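Chain and residue survey
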Amino acid sequence: MKLKIIFTILLTTVLVSCKTTEPSGDSNTEQPFNVIVQHWFANPDSDSNFTERGTDVTIYFPDSDFTMTPEYVIFNERKSFPPIITPTAENIFKVEARIILESALFHEASETVSQPNQLVVTNSDGEEVRMEIREWETLPARYD
């Protein structure tokens, strides 16, 4: 009988201590940018069976005072090559990053990393800022 009581107390203690909590307020806030992802495939030589393949990640910032420098994007545990930033319309900036999964033309593919999807930028103070990518739109694959 004592064993049953001790087991019940231990089980109750474990269950109470493992109780889930509300996620932090930051994870509930809306993402401050829009992300579009497109996977692509290309055959550089029609006589070859090898195809180039990768992912383009485009991020749109509705910000009239964009003072950050994009360093790279991490998507699906791959680090992009340095992104390009361009203004597209009034108060919108576009950050374009390319992730190369395999290539016969380029000697390097994108580095594999164990980090969540994110945009890494340097702010005007020279500090690195990581912005998590939680939502994105996936366009149909492109075949070049």
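Our structure is the block above this text.
Residues numbered from 1 in each chain as written. Predicted model: local features only at pLDDT ≥ 70, side-chain atom pairs only at ≥ 80, totals over all residues. Heavy atoms only, no water.

Here the focus is the overall build of the protein. A count of helices and strands for the protein gives 2 helices and 10 strands. With 144 residues in all, the protein has 28% of them scored as buried. By sequence separation, contacts in the protein at least 24 residues apart represent 63% of the contacts at least 6 residues apart. (Helix = DSSP H or I, 4+ residues; strand = E, 2+ residues; numbered from the N terminus. Buried < 20%, exposed > 50% of the residue type's maximum accessible area, 1.4 Å probe, protein only. Contact = heavy atoms within 4.5 Å.)

The pairing of strands in a sheet comes from backbone hydrogen bonds and takes either a parallel or an antiparallel form. One open sheet accounts for 4 strands, arranged β4-β3-β7-β8; its pairing is antiparallel. Looking at which strands have only one partner, the edges of the open sheet turn out to be β4 (78-79) and β8 (128-132). Sheet topology places strand β7 (residues 118-122) next to β8; 5 bridges connect them, and they run antiparallel. Considered in β8, the bridge of L119 is made with M131. (Pairing = 2+ DSSP bridges.)

Next up on the list: the environment of E137. Looking at where E137 falls in the secondary structure, it is placed in strand β9 (residues 137-138). E137 gets classed as partly exposed once you look at its relative accessible area, which sits at 46%. Linking E137 and V57, residues 80 residues apart in sequence, is a C-alpha distance of 9.9 Å. Those residues in contact with E137 that lie beyond four places of it in its chain are V35, I36 and V37.

Scanning the model with the defined rule gives 6 salt bridges in all. For R98, the salt bridge is made with D56, and the minimal N-O distance between the two is 2.7 Å. Of this pair, R98 sits in strand β6 (residues 92-102) while D56 sits in strand β2 (residues 52-61), and the two are 42 residues apart along the sequence. Taking the relative accessible area as the measure of exposure, R98 reaches 36% and is therefore partly exposed. Through salt bridges with shared partners, a single network forms among D56, R98 and R142. (Salt bridge = Lys/Arg side-chain N within 4 Å of Asp/Glu carboxyl O.)

Further remarks concern the nonpolar core. What tends to happen in soluble globular proteins is that the nonpolar side chains get buried as a cluster. Formed by 16 residues in total, the largest nonpolar core has its most connected members in F33, V35, V57, I59, F61, V73 and L119. At the level of secondary structure, the elements contributing two or more residues to this core comprise β1 (34-42), β2, β3 (69-75), β6 and β7. Broken down by element, this core gets its largest block of residues, 4 residues, from β6. Dropping the residues within four chain positions of it, I59 is found in contact with F33, N34, V35, V73, F93, K94, V95, L119 and I133. (Core = buried A, V, L, I, M, F, W, Y, C linked by side-chain atoms within 4.5 Å.)

The next subject is the environment of I59. Within the element layout of this structure, I59 appears in strand β2. Distance from I59 to I85, taken between C-alpha atoms, is 9.3 Å for residues 26 residues apart in sequence.

So, about the pairing of β7. Judged by how many residues are buried, β7 sits mostly within the fold: 5 of 5 residues are covered. Burial along β7 is two-sided: the face carrying Q118, V120 and T122 and the face carrying L119 and V121 are both buried. Note that β3 and β7 share 5 bridges and pair antiparallel. Note that in β7 the partner of V73 across the bridge is L119. Hairpin geometry of β7 and β8 is characterised by an intervening segment of 5 residues between the two adjacent antiparallel strands and by a positive phi of about 85° at G126.

Keep in mind that these numbers describe shape and distance, not what the molecule does.
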